[in-house]
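Listed below, chain by chain, are the residues.
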Amino acid sequence: MNSNISLIIGREYWTRVKSKTFLLTTFLAPIGIVFVYAVLGYLLTRGSDKQKNIAILDNAGIVSELAEAKNNLVLTLETKPLTELLEDYKEGKYDGIVELPALDIDDSKYSIIYHSDDPLALDEESTVRGLFRKDIRNFKVQAFGLDQNSLDKIDTDISLNPKTVKETEKEISNITTKVSSVLGGAVGMILFMVILIFGSQVMRGVNEEKINRIVEVLISSVKPLDLMIGKVLGIGLVGLTQFMIWGILLTVFSVIASSVFGLGSMETMGDMASNEGVKAVMENDEVKGTIMKVLKELASINWLLIIPLYFFYFIIGYLMYASLFAAVGAAAGDDINEAQALTTVVMLPLIAAFYIGMSAVSAPDSSVSVWSSIIPITAPVVMPIRLATDPPMWQIGLSVISCILFVVFLIWLAARIYRVGILMYGKKASFKELGKWIFYKG
Amino acid sequence: MDVLTLRNVVKRYSNHIAVNDVSLNIPKGKIFGMLGPNGAGKTSLIRMITSITKADQGEIIIDGEPLNANHPTQIGYLPEERGLYKKMKVGEQLIYLARLKGLSQRQAKEKLNYWLEKFDITSWWDKKVGELSKGMQQKVQFIATVVHEPKLMILDEPFSGLDPINTNLIKDEIYEMNQKGTSIIFSTHRMEQVEQICEEIALINQGKIILEGNVDEIKNSYKDNKFEIEFDGKIPEDLLADSFTILEDSDKALVIQANEGHDSNELLKGLIDRGVQIRAYREILPTLNEIFIKKVGESNE
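None of the values given here were measured: they were computed from a predicted structure.

Caption draft 1: Highlighting the overall build of chain A. Each helix and strand in chain A was counted, giving 15 helices and four strands. For chain A, buried positions account for 43% of its 442 residues. Once local pairs closer than 6 in sequence are excluded, the contacts in chain A between residues at least 24 apart make up 71%. Entry remark: accessible area of chain A is about 24,300 Å², with carbon and sulfur atoms responsible for 66%.

Structure below.
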């Protein structure tokens, strides 16, 4: 009998993995994403290929000292009137003229005019805007007669630092919460998608066999339970394969991409940031500091515990919903669209789990989050989201045990509906009939 | 020895009894006809024999052993509702189905080559089933049914949807399998096919067996003393009297029924004695179709 299950798994797996759809979604999707990034990166950096001569006409009298040229923009502070500069432009001496009109200190808005037939690239535009921010600020500070020193102290950077009451070795910083919620959110999202995509593939596969009538030939050779489990496992392996290939491809591509395009655009971004003035430079340092802290946090997470648990919940969650979807596929009639009501019943807890999970990202210790990470129907999505926030061990243990018990029960339940449903040709089953099937013997 | 014995088999569904206390012996090496109108319980019975469903009560014994997990590999089942994976290639699909019946990859490949060559369809190996016509798909399905050389083959309406050429082709294969010792259960409601093919039959109606036995014996036991006579001359009125009734009268032939207590010898003797020139004489046996309609009508009352 076991050899039959492996035959079934083999068929489910290979027919899908060899199909065009699988090849397209598995290989073209990451290539597509990388291609889009490559094109974007190219378009963004393209502007800096050619040197541009720009004249600055300061009618407002705010520019004290011109910043260095950036993005291949060569800047010249001109005092000639606009009409003459436009002549220079026509002669090709300049590629464009930046005109700074008179500044109204009471207006919080200020429009700069760029005279040219060839508009600036996206990054060039922000460079030009950044050029004058500091000058305008200084100009207004003087005009209002303010004290620069006091002004710098007005803006206050507020941060909230949690401090544990209980004494623990691990220090919780606000970075910890952020890192774990981003990690949890991403994992929860992936789990939800995986369960939904591959679960509904199970449903369609089961229904296809029923509509084809091949199921009668199949279960004259194998037990219905074997057939169902074989299908669920086969499709689950397809999912794992796809994710592994995506993981490998994305790693390879991002390494290639960052060496070809990535570094270049990173530099320009850094340049842009530093161009925005002293404050931006400080922020840049802060960013670096934050990255270091994030890396430190990531390193402090107990991966040895968490990664096996992610796998556990991935498998359990998939098994739970895939077997429910298999039952729906068997109970549905020849037109699977008629089974809307049944599909909804299966989807509801999954969607609820997803929303609870998303709220658990920001409130991992609320009672809703805690209980729905223990109640097995929602646990496979909610618990992984909470895992990065170090929930108490008893909660993890309880969740794992309840999930295992529940998945056994669900497979049993689904198998009972499945074995009757696949032989009932024609109309879809009502809920009342499903109830009968579960308790139907033989 | 019987290839299949059913003892008091019962199958209930929520609102009706599909198989009601059926007992049946199907002898080894024979082609056995399982007849009955639509909804009589044939498919329910077959599904229990093929381990698709379980009997609520009673015993199913295959080749002397109670039905167990090894039996599916010894049975070949062609369901009435044909089905194959449309998107799978013929070769892959047949190998898969053969392996589920317990053959190894190599055995399956060998056997399938034999069958595809026999049907002259080796070129279909890499075609998807969905690209084949209905009749072609039926051939593929037939191969799937026989490839593991089952002891017992159960064919549910095997000729439905086949053209006359393919019907004959499949019919010949069925005979050949039977010659080699395979027992065959042939389920249908097409009586003329049963008469041609089967030696033994069972007639099922409303979940019960209402008639069972050898085809010739059944026909003989349901004969109603009808004869067809072709002759020259005139039938003497005095011979007929109240011993015989004329059912049909055409110029040269008569269909005559012998009344209670009289037989065909008496008729022949009378005719010869009176100098009537007899050219042909034949006993008319009822067709299975007539028996079928009569019995089903009776049991429905």
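Caption draft 2: Representation of the packing of aromatic side chains. Considering all chains together, one arrives at 13 aromatic pairs over all chains under this definition. Residues Phe312(A) and Tyr313(A) carry aromatic rings whose centres are separated by 5.1 Å and whose planes lie at 80° to one another, so their mutual orientation is edge-to-face. Each member of the pair Phe312(A) and Tyr313(A) is classed as buried. A centroid spacing of 5.9 Å and a plane angle of 70° characterise the contact between Trp115(B) and Phe119(B), whose relative ring orientation is edge-to-face. In this structure, Arg11(A) is placed above the aromatic ring of Tyr96(B), and the distance from its NZ or CZ to the ring centre is 5.7 Å. Of note, Lys118(B) hangs over the ring of Trp115(B), and the distance from its end group to the ring centre comes to 5.2 Å.

Caption draft 3: Highlighting unusual backbone geometry. Here the phi dihedral of Arg213(A) falls at roughly 70°; this positive angle occurs in a residue that is not glycine. With relative accessibility at 11%, the residue Arg213(A) sits in the buried group.

Caption draft 4: Examining the confidence of the model for chain A more closely. For chain A, per-residue confidence averages 81 on the pLDDT scale, and residues scoring 70 or more make up 86% of the total. Mean pLDDT values for the elements of chain A range from 65 in helix 9 (residues 278-300) of chain A up to 93 in helix 14 (residues 393-421) of chain A.

Caption draft 5: The arrangement of the sheet that holds strand 4 (residues 57-62) of chain B in detail. All names here are of chain B. Pairing is antiparallel in the open sheet, where four strands are placed in the order 2-1-4-5. A strand with exactly one partner marks an edge of an open sheet, and here the two such strands are strand 2 (17-27) and strand 5 (65-66). Relative to strand 2, strand 1 (residues 2-12) runs antiparallel, the two sharing seven bridges. Bridge assignment links lysine 11 to a residue of strand 2, and that residue is valine 19. Helix-sheet contacts for helix 1 (residues 42-49) involve strand 1, strand 2 and strand 4, and the interaxial angle to strand 1 is about 120°.

Caption draft 6: Main features of the domain arrangement of chain B. For chain B, the assigned domains read domain 1 (2-214) and domain 2 (224-284). Domain 1 of chain B and domain 2 of chain B are separated by 46 Å when their C-alpha centres are compared.

Caption draft 7: Layout of the environment of Lys109(A). By the secondary structure assignment, Lys109(A) is in the loop between strand 3 (96-100) and strand 4 (113-115). Once the C-alpha coordinates of Lys109(A) and Ile211(A) are considered, the two residues, 102 residues apart in sequence, prove to be 67 Å apart.

Caption draft 8: Spatial organisation of the pattern of salt bridges. Enumeration over the complete set of coordinates arrives at 25 salt bridges over all chains. A salt bridge links Lys28(B) to Asp63(B); the nearest nitrogen and oxygen atoms lie 2.9 Å apart. With Lys28(B) in the loop between strand 2 and strand 3 (31-35) and Asp63(B) in the loop between strand 4 and strand 5, this pair connects stretches of sequence that are 35 residues apart. Asp224(B) serves as the salt-bridge partner of Lys226(B), at 4.0 Å between the closest nitrogen and oxygen. Residue Lys226(B) is classed as partly exposed on the basis of its relative accessible area of 24%. According to the relative accessible area criterion, Asp224(B) is partly exposed, its value standing at 31%. Beyond isolated ion pairs, a larger network of salt bridges with shared partners links Arg11(A), Glu12(A), Arg16(A), Glu209(A) and Lys231(A).

Caption draft 9: Summary view of the confidence of the model for chain B. For chain B, mean pLDDT is 87; residues scoring 70 or higher make up 98% of the total. Confidence, read as mean pLDDT per element, is least for helix 8 (residues 237-240) of chain B in chain B (68) and greatest for helix 2 (residues 90-100) of chain B (94).

Caption draft 10: Expanded view of the packing of helix 13 (residues 379-387) of chain A against helix 14 of chain A. Residue and element names in this part refer to chain A. Two elements in contact, helix 13 and helix 14, have axes separated by 11 Å at closest approach and are oriented at 160°. With respect to each other, helix 13 and helix 14 are oriented roughly antiparallel. Crossing of helix 13 over helix 14 shows left-handed handedness. On the side of helix 13, the interface is formed by Ala379, Pro380, Met383, Arg386 and Leu387, while helix 14 contributes Gln395, Ile396, Ser399 and Cys403. Across the contact of helix 13 with helix 14, the residue classes tally to six nonpolar, two polar and one charged.

Here is what the cut-offs are and how they apply
Residues numbered from 1 in each chain as written. Chains lettered and ligands numbered in written order. Predicted model: local features only at pLDDT ≥ 70, side-chain atom pairs only at ≥ 80, totals over all residues. Heavy atoms only, no water. Helix = DSSP H or I, 4+ residues; strand = E, 2+ residues; numbered from the N terminus. Buried < 20%, exposed > 50% of the residue type's maximum accessible area, 1.4 Å probe, protein only. Contact = heavy atoms within 4.5 Å. Areas by Shrake-Rupley, 256 points an atom, 1.4 Å probe, with all protein chains shown as cover. Phe/Tyr/Trp six-rings, centres within 6.5 Å; stacked < 30°, edge-to-face > 60°. Lys NZ or Arg CZ within 6 Å of the ring centre and 35° of its normal. pLDDT = per-residue confidence, 0-100. Pairing = 2+ DSSP bridges. Axes fitted to C-alpha atoms, helices over the stretch in contact; angles between N-to-C directions. Domains from an automatic or database assignment. Salt bridge = Lys/Arg side-chain N within 4 Å of Asp/Glu carboxyl O. Parallel < 35°, antiparallel > 145°, perpendicular 65-115°, else oblique. Left-handed = near helix turned anticlockwise from the far one by under 90°. Nonpolar A, V, L, I, M, F, W, Y, C, P; charged D, E, K, R; others polar.

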